[in-house]
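A closer look at the structure
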Amino acid sequence: MPDTIWGLPVHPLIVHLVVFLVPLTVLAALAVALWPKARRPGAPWVLGLATIALITIPMATDSGEHLEEQVPRSSLVEEHAELGDTLLPLMAALWVALAVIVAIGFHVRRKTERPPNWTKAVTLVAVVIAVGAAVVSGVQVVRIGHSGAKAVWSDVGKGQGD
């Protein structure tokens, strides 16, 4: 992956994909998890959205590591990098929960007789995991973004008006 595009660092460009896609995925996942009527039509689409969001996270992390090598070391940059490494497993948990919800939905629709009892229990577990992972992912993407903004903008305004 290149370090820059048209002279701009790649990291902030990719990060904006993550900052858009993760909250969108979180909201959509909460809708299909908490609103059973939305699951059948919506869950496969939300799983697709989660897949795209999941793909962008390692791209953002990788580009961030390249950028980290080019900027002065600071505790703010270190904190941002450490927080950034936590998002992928959280979103992976959300993706797995959504995949289970979609798979059970397909399984239940394929059956002509009454769905087996285990499908309700597994769906409930997947819904609980999806809700938890969605909430934690949403909070974490805000924390990561805030720490990145602090790392970038902490020096702005210092030394002015002296």
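We now turn to the structure provided with this report. Within every chain, residues take consecutive numbers counted from 1 along the sequence as written. Residues qualify for local features only when their pLDDT is at least 70, as the model is predicted, and side-chain atom pairs are given and counted only at 80 or more; totals for whole chains, interfaces and linings, by contrast, use all residues. The side-chain numbers reported here are obtained from all heavy atoms of the structure, hydrogens and water having been left aside.

A few points about the overall build of the protein chain
In this text, helices come from DSSP runs of H or I with a minimum length of four residues, and strands from runs of E with a minimum of two, each type numbered from the N-terminal end. From N to C terminus, the protein chain includes 5 helices and 2 strands. The C-alpha radius of gyration of the protein chain comes to 19 Å, more than 25% above the 15 Å expected for a compact globule of 162 residues. Along the longest, intermediate and shortest principal axes, the C-alpha atoms of the protein chain span 75 × 30 × 20 Å. Residue exposure (1.4 Å probe, protein chains only): buried if accessible area is under 20% of the type maximum, exposed if over 50%, otherwise partly exposed. Burial statistics for the protein chain: of 162 residues in total, 33% are counted as buried. Looking at the protein chain alone, contacts between residues at least 24 apart form 77% of all its contacts between residues at least 6 apart. Working definition of accessibility: Shrake-Rupley area with a 1.4 Å probe, residue cover restricted to the visible protein chains. Just so you have it, the protein chain exposes about 9,900 Å², and 70% of that area is on carbon and sulfur atoms. Charged residues are defined here as Lys and Arg on the positive side and Asp and Glu on the negative side; His and the ends of the chain fall outside this count. Taken as the charge location is NZ of Lys, CZ of Arg, CG of Asp or CD of Glu. With 12 positive and 12 negative side-chain charges, the protein chain shows a separation of 27 Å between the mean positions of the two kinds. Our radius of gyration is a C-alpha quantity, and the globule rule it is checked against amounts to 2.2 Å times the number of residues to the power 0.38. Residue contacts are defined here by distance: any two heavy atoms, one from each residue, within 4.5 Å place the two residues in contact.

What to know about the environment of Trp45
Along the polypeptide, Trp45 turns up in helix H2 (residues 36-68). Among the residues examined, Trp45 registers a relative accessible area of 70% and is labelled exposed. With 17 residues separating them along the chain, Trp45 and Ala28 place their C-alpha atoms 9.1 Å apart.

Topic: the nonpolar core
Ranked by size, the top nonpolar core spans 34 residues in total, and within it Val18, Val22, Leu87, Met91, Leu94 and Leu98 carry the most contacts. Counting residues per element, this core draws most heavily on H2, which supplies 10 residues. Not counting residues within four places of it along the chain, the set of residues in contact with Leu87 comprises Val18, Val22, Ile57, Ser137, Gln140, Val141 and Ile144. Nonpolar cores are built from buried Ala, Val, Leu, Ile, Met, Phe, Trp, Tyr and Cys residues. Side-chain atoms within 4.5 Å join them into one set.

Topic: the side chain of Thr119
Along the chain, Thr119 turns up in helix H5 (residues 117-153). Sequence-distant contacts of Thr119, that is, excluding residues within four places in its chain, are made with Ile104, His107 and Val108.

Observations concerning the packing of helix H1 (residues 10-34) against H2
All axes are obtained by fitting lines to C-alpha atoms, using only the stretch in contact for helices, and the reported angles, taken between N-to-C directions, cover 0 to 180 degrees. Where H1 contacts H2, the two axes come as close as 7 Å, and the packing angle between them is 155°. When the interaxial angle is binned, H1 and H2 end up roughly antiparallel. Viewed along their axes, H1 and H2 form a crossing whose handedness is left-handed. For this classification, Asp, Glu, Lys and Arg are treated as charged, while Ala, Val, Leu, Ile, Met, Phe, Trp, Tyr, Cys and Pro are nonpolar and the rest, including Gly, are polar. For the contact of H1 with H2, the class distribution of residues is 26 nonpolar, 6 polar and 1 charged. Convention used here: angles under 35 degrees read as roughly parallel, angles over 145 as roughly antiparallel, angles from 65 to 115 as roughly perpendicular, and any remaining angle as oblique. For any pair of crossing helices, the crossing counts as left-handed if the nearer helix is rotated counterclockwise from the farther one by less than a right angle, and right-handed if it is rotated clockwise.

Focus on a nonpolar patch on the surface
For patch building, the residue pool is restricted to those with more than 30% relative accessible area and no salt bridge; the joining distance is 9 Å between like charges and 5 Å between nonpolar side chains (Val, Leu, Ile, Met, Phe, Trp, Tyr). Salt bridge, as applied in this entry: a Lys or Arg side-chain nitrogen positioned within 4 Å of an Asp or Glu carboxyl oxygen. Residues Ile5, Trp6, Leu8 and Leu13 make up a contiguous nonpolar surface patch of about 470 Å² in total accessible area. Locating Trp6 in the fold gives a position in the loop between strand S1 (4-5) and strand S2 (8-9).

Notes on the packing of H1 against H5
Where H1 meets H5, the axes come as close as 9 Å, and the angle between the chain directions of the two elements is 155°. Accordingly, the angle class assigned to the pair H1 and H5 is roughly antiparallel. Seen along the crossing, H1 lies across H5 with a hand that is left-handed. Seen from H1, the contacting residues are Val18, Val22, Pro23, Val26, Leu30, Ala33 and Leu34; seen from H5, they are Val127, Ala130, Val131, Ala134, Val135, Ser137, Gly138 and Val141. A breakdown of the residues in the contact of H1 with H5 according to their chemical character gives 13 nonpolar, 2 polar and no charged.

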